[in-house]
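So the chains spell out like this:
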Amino acid sequence: MLQLGHMEEERTFDSLMKQEFISVVVQDPQFHREDFWHAHCDYEIHLHTNSMCFRKKVSCVRRRYSEFVWLRQRLQHNAVLMDLPKLPPWNPFFSVRKPLQLKERIEGLQSFLEIVLQTPLLLSDSCLHLFLQSDLSVSKMEACASGRTRYSVAYAIQHSDCQRHASPSDHSDDESTKSSAGLDYSSEGGMRGSHTPNRQ
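Rules used throughout
Residues numbered from 1 in each chain as written. Predicted model: local features only at pLDDT ≥ 70, side-chain atom pairs only at ≥ 80, totals over all residues. Heavy atoms only, no water. Helix = DSSP H or I, 4+ residues; strand = E, 2+ residues; numbered from the N terminus. Buried < 20%, exposed > 50% of the residue type's maximum accessible area, 1.4 Å probe, protein only. Pairing = 2+ DSSP bridges. Axes fitted to C-alpha atoms, helices over the stretch in contact; angles between N-to-C directions. Phe/Tyr/Trp six-rings, centres within 6.5 Å; stacked < 30°, edge-to-face > 60°.

1. Structural notes on the environment of L136
Among the structural elements, L136 can be located in the loop between α4 (126-133) and α5 (138-145). Look at L136 and you get buried, because its relative accessible area is 1%. Measuring from C-alpha to C-alpha, the distance between L136 and I157 comes to 9.1 Å, with 21 residues separating the pair along the chain.

As structure tokens, this is what we get:
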């Protein structure tokens, strides 16, 4: 009877697990020109889930390629032995005016997130949650995840208003949109490099 009860519990648990879902969609690329030499494209990330791992069940943020690069680096740092999925390769000639390039970029970014979100170990990473459900900049995500802000990860997510890089109202923690190391994340590798009209 004990064994039967244990099997019943396992079936109930499996049933609950099967009912959980995490759906992510990368869409709506938008081109932003910063000045004559610098521009970038960002993408809407729409998350819909009933997973207990997420505070918000529906969220929508905008992220650029360089922020995906940052996320992958942080996840790799926190899960050293894990082989993470790759991002679509950096392309110095990437242009939002080339539909095939844009389509491949969007599909690659979505595939990356889908694999990450199917990896239970990564679902507890604060950087992932801030990336997907807050509008903090890279420097503020780093600071928040490491406990160097007055607001918590939960607060940052709960008070996100889906405005690009909005801060959770605590102006004493304001920083520039550069990283804490003073690097500008306008280009794909993390720092601004050669002057190319279409940043990614």
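Back to the write-up after that little detour.
2. What about the sheet that holds strand β2 (residues 39-49)?
Neighbouring strands of a sheet are bound in pairs by backbone hydrogen bonds; such pairs are parallel or else antiparallel. Spatially, three strands are ordered β1-β2-β3 in an open sheet, and the strand pairing comes out antiparallel. Every interior strand has two partners, whereas the edge strands, β1 (22-33) and β3 (58-64), have only one. For this sheet, the mean inter-axis angle between neighbouring strands, taken without regard to orientation, is 20°. In this structure, β2 lies alongside β3, joined through seven bridges in antiparallel fashion.

3. Focus on the packing of aromatic side chains
The geometry of an aromatic ring pair is captured by the separation of the ring centres together with the interplanar angle, meaning the angle of the planes. According to the stated counting rule, one finds two aromatic pairs in the structure shown. Between F68 and F112, the aromatic rings sit 6.5 Å apart at their centres with planes inclined by 65°, giving edge-to-face as the arrangement. Separated by 44 residues along the polypeptide, F68 in helix α2 (residues 65-78) and F112 in helix α3 (residues 99-117) bring together distant segments of the chain. Ring geometry for F68 against F131: centres 5.0 Å apart, planes inclined by 75°, an arrangement best described as edge-to-face. Of this pair, F68 sits in helix α2 while F131 is found in helix α4, placing the two residues 63 residues apart along the sequence. Each member of the pair F68 and F131 is classed as buried. Through a chain of ring-to-ring contacts, the aromatic side chains of F68, F112 and F131 assemble into a single cluster.

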